[in-house]
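Residues per chain are reported as follows:
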Amino acid sequence: MSHENQPLIFEITKEGRIGYNLEPLDVPDIDLGELLPAGYIREEAAELPEVSELDIMRHYTALSRRNHGVDSGFYPLGSCTMKYNPKINENVARYNGFANIHPLQDEDSVQGAMELLYDLQQSLVEITGMDEVTLQPAAGAHGEWTALMMIRAFHEANGEGHRNKVIVPDSAHGTNPASATVAGFETITVKSNEDGLVDLDDLRRVVGEDTAALMLTNPNTLGLFEENILEMAEIIHGVGGKVYYDGANLNAVMSKARPGDMGFDCVHLNLHKTFTGPHGGGGPGSGPVGVKAELIPFLPKPVLVKTEEGKYHFDYERPQSIGRVKPYYGNFGINVRAYTYIRTMGPDGLKAVTEYAVLNANYMMRRLEEYFDLPYNRHCKHEFVLSGRRQKKLGVRTLDIAKRLLDFGYHPPTVYFPLNVEEGIMIEPTETESKETLDAFCDAMIQIAKEAEATPEIVQEAPHTTVISRLDETRAARTPVLRYTKQA
Ligand SMILES: *Cc1c(COP(=O)(O)O)cnc(C)c1O
């Protein structure tokens, strides 16, 4: 593996070269020995790269150009919704009154920012059909955990603290069982039937008086709408459990159907997916949770409220609250972007989002079904899952297909997920891509399918055009070298 043409920053270092200018020190110098215990003070100076400002700018700019982002190309990463990040959102988030305030300022001096958060909460109440929303959780998984903690507190308040089981279908997003475990519950898995939907008989079999909740990802990770939701909610409510809606991917149902109307008690949303928060590089995100009235007393505190005089206020007088789940009040900047997006789109715009997300996914699925296996051949919602098993028989694995897509300038889709599809390829086009882009991507997929038959080695050895060729992924994951050590 080479890092051709791009030396490490440690390799371009020149002793004495600096990229900054500091004013002469005009306060007393401090003696570190007085501040830190002896063992923590370094004997020799740290070996840091010594480079000019220009060197360092060129170094990182060159590296950044090797990144693939949604601003540089199509990014059909199923289950992750990498859609475009409207630039107007960025403008608004940079307004002085939003960017330069401090979370510990007096409430009186940040009423505008609080009003924005309050209005965003109200919009999400309306979009989800819930009774109240908290903006505190910082991501989807964090929202799941927050909701489960509220469900636990609810059961305990009713003297039913023995309810320790959370039911999760095998087609749920992977964070669902993880959140249930972190929240201290035991996870029970229910199977999908041959249509890719939750098997109701299996569900009836596992519920009982120890059921705390059912977590339902909808659309599920096959991109399919769970058609028996009302019945599922009835089964769970029948035994005294709560029903949780994983609404990370609301761009498949938004403005068409509301979790609150389907019998759900709580829901989380991913503002960094459906509501256009930038979401590369791991964050920051925002995973608000909406709840029905019964769960309101348990919301994380403070709760943002509007007083009778029309002032916005953080209410800490919540004796049954599960407490704070995030410093301050959520990731404000992401919430500003989501608010901007909702206001730019309006209700009709959000409905169009859903229609295009679903139309685009079905269009691509139908263009590709002839060339790849489609294990669940039904109308999909915002995403669909192909199987590469036909290609596998030719010696070409899904991983090879994903790598070959890099040669066409695309970020590969999610692969080997969900687990119930052999050699899975999970594609989410999103509503924001043009028909030309969708067609070009399908053309690339079709060409790869043909190559798998005629010239499999081209696919097996891909990528051919990237700076770095095929990585040893196991070694990269198991024995990563993350530190520079000087070669002798
Ligand atoms: C992305 C996603 C999550 C997790 O959200 P994070 O913000 O990554 O924690 C949960 N459920 C579904 C269905 C998702 O697509």
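Procedures and definitions
- Residues numbered from 1 in each chain as written.
- Predicted model: local features only at pLDDT ≥ 70, side-chain atom pairs only at ≥ 80, totals over all residues.
- Heavy atoms only, no water.
- Buried < 20%, exposed > 50% of the residue type's maximum accessible area, 1.4 Å probe, protein only.
- Helix = DSSP H or I, 4+ residues; strand = E, 2+ residues; numbered from the N terminus.
- Pairing = 2+ DSSP bridges.
- Near = heavy atom within 4 Å.
- Polar contact = N/O pair within 3.5 Å; in protein donor to acceptor, adjacent residues only side chain to side chain.
- Areas by Shrake-Rupley, 256 points an atom, 1.4 Å probe, with all protein chains shown as cover.
- Nonpolar A, V, L, I, M, F, W, Y, C, P; charged D, E, K, R; others polar.
- Contact = heavy atoms within 4.5 Å.
- Axes fitted to C-alpha atoms, helices over the stretch in contact; angles between N-to-C directions.
- Domains from an automatic or database assignment.
- Buried area = accessible area lost by both parts, 1.4 Å probe.
- Salt bridge = Lys/Arg side-chain N within 4 Å of Asp/Glu carboxyl O.
- Phe/Tyr/Trp six-rings, centres within 6.5 Å; stacked < 30°, edge-to-face > 60°.

A look at the pairing of strand β10 (residues 384-387)
Every second residue of β10 is oriented toward a common face, with Phe 384 and Leu 386 on one face and Val 385 and Ser 387 on the other, all of them buried. Pairing analysis gives four bridges linking β10 to strand β12 (residues 424-427), with the strands arranged antiparallel. Directly across from Phe 384, in β12, lies its bridge partner Ile 427.

Description of the site of the ligand
Contacts to the ligand come from 14 residues, most closely from Gly 140, Ala 141, Asp 246, His 272 and Lys 273. In this structure, His 173 approaches the ligand through a side-chain N or O atom, which is 3.5 Å from a nitrogen atom. Taking Lys 273, its side chain carries an N or O atom lying 2.6 Å from an oxygen atom of the ligand. A total of 380 Å² of accessible area belongs to the ligand in isolation, and the protein chains cover 86% of it. No other element matches the three residues that helix α6 (residues 140-157) contributes to the shell around the ligand. For the shell around the ligand, the class distribution of residues is three nonpolar, eight polar and three charged.

So, the sheet that holds β10
Spatially, three strands are ordered β10-β12-β11 in an open sheet, and the strand pairing comes out antiparallel. Edge positions in the sheet fall to β10 and β11 (414-415), since each has one partner strand and no second. Contacting β10 and β12, helix α10 (residues 332-368) runs over the sheet at an angle of about 15° to β10.

Quick notes on the sheet that holds strand β5 (residues 242-247)
The strand order across the open sheet formed by seven strands is β1-β7-β6-β5-β4-β2-β3, and the pairing between neighbours is mixed. Since the sheet does not close on itself, it has two edges, and those belong to β1 (132-134) and β3 (186-190), each with one partner. Neighbour-to-neighbour, the strand axes of this sheet turn through a mean angle of 25°, independent of strand direction. Across the sheet, helix α5 (residues 111-128) lies against β1 and β6 (266-269), angled at about 125° from β1, the strand it touches most. In the packing of α6 onto the sheet, the strands contacted are β2 (165-169), β4 (211-217), β5, β6 and β7 (289-291), and the crossing angle to β5 comes to about 170°.

Considerations on the domain arrangement of the chain
Accessible area lost when the parts come together is the quantity often used to give the size of an interface. Partitioning the chain into domains gives domain 1 (9-66), domain 2 (88-343) and domain 3 (350-476). Each of domain 2 and domain 3 has a C-alpha centre, and the two are 31 Å apart. On the domain 3 side, the residues contacting the 30 residues of domain 2 number 23 residues. Among the residues of domain 2 in contact with domain 3, Thr 221, Leu 222 and Asn 251 are the three that bury the most area, contributing 29% of the side total. Summed over the shared surface of domain 2 and domain 3, the number is two salt bridges. With a shortest N-O distance of 2.5 Å, Lys 256 and Glu 355 are connected by a salt bridge. If you look at where domain 2 meets domain 3, you find six residue pairs in polar contact (both at pLDDT 80 or more). For the side of domain 2 that touches domain 3, the residue count by class is 13 nonpolar, 12 polar and five charged.

Considerations on the packing of aromatic side chains
Counting across every chain of the model gives 10 aromatic pairs. With a centroid separation of 5.5 Å and 55° between ring planes, the pair formed by Tyr 118 and Tyr 312 is classed as tilted. Taken together, the residues span a long stretch of sequence, with Tyr 118 in helix α5 and Tyr 312 in strand β9 (residues 312-315) at a distance of 194 residues. Assigned by exposure class, Tyr 118 and Tyr 312 land together as buried.

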